[in-house]
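# Summary of structural features
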Amino acid sequence: MADRAGAILIASGPWDPIPWFDAVRAMDQARDVFVWPNLPEPDAVGYLMAWYPPAAALQGLPRLEAIFSLGAGVEHIVFNDDLPELPDVPTVRVVSSDLTRRMTEWVVLQVLLHHRQQPNYLRQQRDRRWKERRQPAAADVRVGIMGMGVLGAAAAHALVPLGFQVAGWSRRRKTHLGVESFAGPAEREAFLARTDILVCLLPLTRETRGILSMPLFESLARDGRLPGPVLINAGRGGLQIEADIVDALQRSVLAGASLDVFEREPLDSRSPLWALDNVVVTPHCAAWSNPEALTRLILDQILAHEAGRPFDNVIDADAGY
Ligand code: NDP
Ligand code: OXD
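Since the structure is predicted, the reported quantities are computational estimates derived from the model, not experimental observations. All residue numbers refer to positions counted from 1 along the written sequence of the respective chain. For naming, the first written chain is A and the first written ligand is 1, with later ones following in the order written. For this predicted model, a pLDDT threshold of at least 70 governs which residues receive local features, and a threshold of 80 or more governs which side-chain atom pairs are given and counted, while totals over whole chains, interfaces and linings are taken from all residues. Excluding hydrogens and water, the side-chain figures rest on all heavy atoms present in the structure.

### Examining the domain arrangement of the chain
Our working rule: As annotated, the domain borders come from an automatic or database domain assignment. Working rule for contacts: check all heavy atoms of both residues, and any pair within 4.5 Å makes them a contact. The buried area of a pairing is the accessible area, by a 1.4 Å probe, that goes missing from both parts when the two are put together, added over both. Any Lys or Arg side-chain nitrogen located within 4 Å of an Asp or Glu carboxyl oxygen qualifies as a salt bridge. Here a polar contact is taken to be a pair of N or O atoms separated by no more than 3.5 Å, where protein atoms must pair a possible hydrogen donor with a possible acceptor and residues adjacent in sequence count only if both atoms sit in side chains. Note that Gly is not counted as nonpolar here; it falls among the polar residues with everything else outside the nonpolar set of Ala, Val, Leu, Ile, Met, Phe, Trp, Tyr, Cys and Pro and the charged set of Asp, Glu, Lys and Arg.
Taken domain by domain, the chain comprises domain 1 (7-94 + 289-306) and domain 2 (97-281). Here domain 1 and domain 2 have C-alpha centroids that lie 33 Å from each other. With 10 residues of domain 1 at the contact, the number on the domain 2 side is 8 residues. Buried area between domain 1 and domain 2, both sides added, is near 750 Å², and the carbon and sulfur share of it is 61%. Contact with domain 2 buries surface across domain 1, with Glu-75, Phe-79 and Asn-290 losing the most and accounting together for 55% of the total. Put simply, domain 1 and domain 2 have 1 salt bridge between them. Among the ionic pairs, Arg-236 bridges to Glu-75, the shortest N-O distance being 2.8 Å. Here domain 1 and domain 2 share 1 residue pair in polar contact (both at pLDDT 80 or more) between them. Within the side of domain 1 that touches domain 2, the residues separate by chemical class into 5 nonpolar, 3 polar and 2 charged.

Written as structure tokens, this is what we have:
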């Protein structure tokens, strides 16, 4: 490590940096690790571990070699107006079986919850009311996943064996067993028109911002076996227009929603979403970034890079994900 700047700087924005610091320390005692803003040797920093990093943390790092996002999403780095021009180094995102399994759990939970009409049964239970509802088979319900990357594909592979008709929409066509693939803007309407439960696992980019809006909700299938279309979003809050979601739920354009992400987080206590029937609100916890699991991956990548191998999971800066 003598001729290279091998130290790590952790700039974890709103997240507590200590579990990340402790994880690096436990796994690599030889490496210097600093926690922003405590940076005695900027010249020594080769790697930045970042989550909503403050602007100053990206400046004055002359020997930086890579930025590691502490989550799968990277819009907090690439589309963050508060940041200066990014250093010309690779930005690496999280691809981790730990994070992927957590997201799969959340998606399957929300799909089943709406499919089995659990919000209605919970309301009935509160009212001590015994009423069986007509229950379609999973085989009669069409799930559509927007974003068929690491997380979307894993969710699709978990939903297929449950019997759902699963399709995915992405920029490029995919070949996943049992999953119909729709690609690009030209096939978006056909994808929506066959979808009863829409799961959104898109990244937030210039193209996807605000995509979950009234015109899209109105394009979802109206001939399904459930009481109406359902929206499930764990991608990013910037993908959704919350006023449209509220309006769509109130006018039965949507029959239900599960939202893990919001235009502004934390969700304002005055938001009508908290109190709407058939809406499940979770606090951006669908897939927690586990410091031990993710630090192991980051350190493995750093060691591979220092041995002359390329980084994995480098984002495409032009596409923004
Ligand atoms: P990937 O980069 O692996 O996948 C992104 C997918 O979106 C790809 O299939 C890509 O298409 C598709 N896509 C991107 N832009 C478009 C577009 N304009 N039109 C159609 N499809 C598009 O990301 P991940 O699966 O790892 O993560 C997805 C997102 O999930 C993250 O960016 C993050 O925002 C969110 N997330 C949320 C968490 C939470 O706790 N709520 C936790 C972790 C992630 P193609 O395959 O053709 O490139
Ligand atoms: C992520 C997140 O992007 O936690 O990983 O939102």
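### Here we look at helix H9 (residues 291-306)
We count it as follows: Runs of E in the DSSP output that reach at least two residues are strands. Runs of H or I that reach at least four are helices, and both are numbered from the N terminus. In a helix, the anticipated span is given by 1.5 Å times the number of residues less one.
Compared with an ideal rise of 1.5 Å per residue, which puts 16 residues at 22 Å, H9 spans 22 Å between its outermost C-alpha atoms and is within 8% of the ideal. Its buried side turned inward, H9 meets strand E1 (7-11), helix H1 (18-27), strand E3 (45-50), strand E4 (66-69) and strand E5 (91-92). A side-chain oxygen of the first residue of H9 lies 3.1 Å from the backbone nitrogen of Glu-292; this N-cap is Asn-290. Positive backbone phi, approximately 95°, marks Gly-308, located one or two places after H9.

### With respect to the environment of Val-89
Within the secondary structure, Val-89 sits in the loop between helix H2 (75-78) and E5. Taking C-alpha positions, Val-89 is 9.9 Å from Val-314, a pair spaced 225 residues apart along the chain. Apart from the residues within four sequence positions on either side, Val-89 is in contact with Leu-64, Glu-65, Ala-66 and Ile-67.

### Quick look at the sheet that holds strand E10 (residues 230-233)
Note the following rule: Here the rule is simple: two strands pair whenever DSSP picks up at least two bridges between them. Only the contacting stretch of a helix is used when fitting its axis, a line to C-alpha atoms as for every element, and angles between N-to-C directions run 0 to 180 degrees.
The 7 strands lie next to each other as E8-E7-E6-E9-E10-E11-E12, forming an open sheet whose pairing is parallel. The sheet is open, and its two borders are formed by strand E8 (179-183) and strand E12 (279-281), each paired with just one other strand. Strand-to-strand twist across the sheet, computed as the mean angle between neighbouring axes with direction ignored, equals 15°. Bridge count between strand E11 (residues 256-259) and E12: 3 bridges; the pairing is parallel. Note on E12: the bridge partner recorded for Ser-258 is Val-280.

### Some details on the site of ligand 1
Using the following cut-off: The nearness test applies per residue and asks whether one of its heavy atoms lies within 4 Å of the molecule or strand. All accessible areas in this document rest on Shrake-Rupley with a 1.4 Å probe, and a residue is counted as covered only by the protein chains that are shown.
Inspection of the region around ligand 1 gives 29 residues, with Arg-93, Arg-172, Lys-174, Asp-260 and Tyr-321 positioned closest. Backbone polar atom of Leu-151 to an oxygen atom of ligand 1: 2.9 Å apart, as the coordinates give it. Contact with the protein chains covers 94% of the free accessible surface of ligand 1, which is 940 Å². The residue makeup of the shell around ligand 1, split by class, is 15 nonpolar, 7 polar and 7 charged.

### Digging into the sheet that holds strand E2 (residues 33-35)
Paired through backbone hydrogen bonds, the strands of a sheet run either parallel or antiparallel to each other. Strands sit in the order E2-E1-E3-E4-E5 across an open sheet of 5 strands; the sheet is parallel. At either end of the open sheet lies a strand with only one pairing partner, and these are E2 and E5. Looking at chain direction, E1 and E2 are connected through 3 bridges and run parallel. Residue pairing across strands places Ile-8 opposite Val-33, the latter belonging to E2.

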